[in-house]
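# Structural characterization, general
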Amino acid sequence: MAREIVVNSDNGEVRAAILENGKLVDLFVERSVHPRYAGNIYKGVVENVLPGMQAAFVNIGLERNAFLYVDDALAGRNGRNSRMVREADGEEISVPRKKSTSIKDILKPGQEIMVQVTKEPIGTKGARVVTDVTLPGRYVVLMPTVDYVGVSRRIEEEGERERLRKIAQSSKPRRVGVIVRTVAEGKNQEEIASDIQFLVKLWRRIQGRNRRARGSTLLHQEYDLAFRLVRDHFAADVTKFAVDDPKEHRKVLDLSRMYSETMRDRIHLYTGQEPIFDTYGLEEEIARTLRRKVWLSCGGYIVIDNTEALTAIDVNTGKYIGSTSLADTVLKTNLEAAEEIARQLRLRNIGGIIVIDFIDMENDAHQRKVTDKLEEALARDKTKATVLGFTHLGLVEMTRKKVQEGLAESMTKVCPTCDGRGRILSEETLSFRAMRAIKKEALSTDQPAMLVLLHPSVAAMLIGAGGSNLSALEQETGKTIYVKGSFDQKLEDIVIAAVGSKEDVEKKALPVSAGDRLEVVVEEPHVSNSRDGIARLEGYVIDVEGAGRLIGEKLLVQVTKVFKTYARAQMVEVASEGDEKKQPKEDSAKDKQKGGQNNKQGG
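Residues numbered from 1 in each chain as written. Predicted model: local features only at pLDDT ≥ 70, side-chain atom pairs only at ≥ 80, totals over all residues. Heavy atoms only, no water.

## Some words on the packing of helix α1 (residues 158-171) against helix α2 (residues 189-212)
Interaxial distance between α1 and α2 falls to 10 Å at its minimum, and their mutual angle equals 45°. Considering their axes alone, α1 and α2 lie oblique with respect to each other. In this structure, α1 crosses over α2, and the sense of that crossing is right-handed. Between α1, through L164, I167, A168, S170 and S171, and α2, the contact on the second element is made entirely by Q189, I192, A193 and I196. (Axes fitted to C-alpha atoms, helices over the stretch in contact; angles between N-to-C directions. Helix = DSSP H or I, 4+ residues; strand = E, 2+ residues; numbered from the N terminus. Parallel < 35°, antiparallel > 145°, perpendicular 65-115°, else oblique. Left-handed = near helix turned anticlockwise from the far one by under 90°. Contact = heavy atoms within 4.5 Å.)

## Remarks on the pairing of strand β16 (residues 238-243)
Across five bridges, strand β1 (residues 3-10) lies against β16 in parallel orientation. Counted as the bridge partner of I5 is F241 from β16. Inspection of the sheet shows β16 paired to strand β17 (residues 267-269) by three bridges, in the parallel sense. The residue bridging V243 from the neighbouring strand is L269, located in β17. (Pairing = 2+ DSSP bridges.)

## Concerning the domain arrangement of the chain
Domains assigned within the chain are domain 1 (3-34 + 226-282), domain 2 (40-81 + 102-221), domain 3 (291-411), domain 4 (427-509) and domain 5 (516-571). For domain 2 versus domain 5, the separation of C-alpha centres amounts to 70 Å. (Domains from an automatic or database assignment.)

## Some points on a negative patch on the surface
Side chains of E156, E157, E158 and E185 sit close together on the surface and give a patch of like negative charge. Relative to the assigned elements, E156 resides in the loop between β13 (149-151) and α1. (Patch = residues over 30% accessible without salt bridge, like charges linked within 9 Å, V, L, I, M, F, W, Y side chains within 5 Å. Areas by Shrake-Rupley, 256 points an atom, 1.4 Å probe, with all protein chains shown as cover. Salt bridge = Lys/Arg side-chain N within 4 Å of Asp/Glu carboxyl O. Lys, Arg positive; Asp, Glu negative; His and termini not counted. Charge placed at Lys NZ, Arg CZ, Asp CG, Glu CD.)

## Brief notes about the layout of surface pockets
Computed from the structure, the second largest pocket encloses a volume of approximately 810 Å³. Lining the second largest pocket we find 34 residues, and of these A460, I463, H526, V541 and Y566 sit closest to its centre. Among the elements of the structure, α11 (456-463), α12 (468-477), β25 (480-485), β28 (524-525), β29 (533-537), β30 (540-544) and β32 (566-574) are those that each provide at least two residues to the lining of the second largest pocket. With five residues, α11 is the single largest residue contributor to the lining of the second largest pocket. Its residues assigned to classes, the lining of the second largest pocket shows 15 nonpolar, twelve polar and seven charged. (1 Å grid on protein atoms, 1.4 Å probe; cavity = no way out; pocket = protein on both sides within 12 Å on 5 of 7 lines; lining within 4 Å. Points joined across faces, edges and corners; volume = space filled by probe spheres on them. Nonpolar A, V, L, I, M, F, W, Y, C, P; charged D, E, K, R; others polar.)

## What about empty space enclosed by the protein?
Counted by the stated rule, this structure contains two cavities of 30 Å³ or more. Counted as a void, the second largest cavity has a volume near 40 Å³. Around the second largest cavity, the lining residues are V7, V14, L225, A226, L229, F241, V243, E248 and V252. For the lining of the second largest cavity, the element with the highest residue contribution is helix α3 (residues 225-232), accounting for three residues. Tallied by class, residues from the lining of the second largest cavity come to eight nonpolar, no polar and one charged.

## A closer look at the nonpolar core
A general tendency of soluble globular proteins is for nonpolar side chains to be buried together. Residues I341, I356, F358 and L374 are the most contacted members of the largest nonpolar core, which totals 28 residues. Among the elements of the structure, β19 (301-306), β20 (310-316), α7 (326-348), β21 (352-357), α8 (364-378) and β23 (396-400) are those that each provide at least two residues to this core. When residues of this core are assigned to their parent elements, the largest contribution, seven residues, is made by α7. Setting aside its immediate chain neighbours within four residues, I341 contacts I302, I313, V315, I356, F358 and L374. Membership of the second largest hydrophobic core comes to 26 residues, among which are M114, L142, I155 and V180. (Core = buried A, V, L, I, M, F, W, Y, C linked by side-chain atoms within 4.5 Å. Buried < 20%, exposed > 50% of the residue type's maximum accessible area, 1.4 Å probe, protein only.)

## So, the packing of aromatic side chains
The full count for this structure, using the stated rule, is six aromatic pairs. Here the aromatic rings of F57 and F67 are separated by 5.6 Å at their centres, their planes lie at 70°, and the arrangement is edge-to-face. Placement of F57 in strand β5 (residues 55-59) and of F67 in strand β6 (residues 66-69) is noted, with a sequence separation of ten residues between them. On the basis of an interplanar angle of 85° and a centroid distance of 5.3 Å, the ring pair of F234 and F241 is categorised as edge-to-face. Accessibility classification places F234 together with F241 in one group, the buried group. One cation-aromatic arrangement involves K293 over Y301; the distance from NZ or CZ to the ring centre is 4.4 Å. Here K319 stacks its cationic end above the ring of W295, 4.7 Å away from the centre of that ring. (Phe/Tyr/Trp six-rings, centres within 6.5 Å; stacked < 30°, edge-to-face > 60°. Lys NZ or Arg CZ within 6 Å of the ring centre and 35° of its normal.)

Given below as structure tokens:
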């Protein structure tokens, strides 16, 4: 499988895309205003020990204290019988503990400990930390607190696995753990041993800083995105590494001398006029990853919904009708969906519990084909994922390790209007809510009139056709009610702007009088009479006769009639920017006004 790495560097942001056979599968975004913490090693101070949660909170100098679970606080305490060491490069080490241990037997408030961040702070939660430190290199991952040798599960040939295991065993110091990474396949002992020695020296420097440090201190900062790309992703199957910034390009070239000197000719500085992500068609692809619906090439689609507890994915046939049988149509859609779901999980960096509602399949063999395809596609994902299979309800359950915020969380924010629900109250619901608010206000005052400010769409619903709803409300409350629609109001806003005598409220509610001349901009055609145009002044509607085809035009109009909820006006001049003022063309005789003048409508 041919892979490409494309890097775009702007002031304050670096983006890296990984393509497999021309298709985007991974996206990394780093911004200077949002520093990365995962991989950092700190000297921390235990703030609180909570036996009820079997956890402790550790001050590592960040805004919120880090969370340390009891199983993550046992590094090096009982040798091989301590605990399950966390996954590294697809390899997991699992060893049973001799006995259960309480957090209060391990840690005390005020105690200083060395920890490493494994999970970024997300939302209101602080970072998650462990006391097992792992230091990834080009060919191996060093685990200083565990005496173990492992080989990445992605290396499948048993003879090669055994060869690498022997090299690692003979090259590592005593009582230190090593996992051989996938990229080490075919490498000789000198290359692997050199990588181990580099990481051992780095660990000794970190230990030295730890001994000298006092209080919460950063001991080691994980390398930046360019370094991690070369270290973790620049393998033999990468055909091109394109960078659009000269500084980043030089950095990648320098790093390649350390790790992959033979592949330096694959590193290119992009100098095209068009932005590099546009050249590769990535901007539109990134925009699609933020949408709920993802179309499949067969015509089906998947819908991805994130909730607090889990991610739900629904599969639909959409436009695909197949050509043989319903079962084959469903199977083909589900197989393509399984491949795309695995890609979207990587691309969107979705973690935690994931539930997939594939299209119903009655054939057990078809179900196995779909889960096999999903597992096969997930095998290319560096982040650990586990498919648990179909439930009794026909849903597929799976999990994917969550290390940091997903793409949607890092690139978007919660909608302030719907608070992240994705739905808002309808205009009809809001008009009834406004009606109840008006009734409540009417009961609390003896003043005869009030002015209410609403969003225009809600105001129109409240007023009703021909003002019927407003008239009924006035009869019920015994008040004179002025309603003004204003785009300055949010859809759900209900503002009682004035309460008082009819004369006082009317002055505030009606910004115009009959005979006034004023300049307005036509915003939209009249809902029921498209020949007329609607303008607004301080939220007050002005119905301009004959201006339905002049949307966006600035007009000089004269007010002819004033009503409680709107005014009528005639065009005097069209005053578009950059043009001289023009008299509007005369319309037909049937539109003549009283007094013999023609209504005006722009040509």
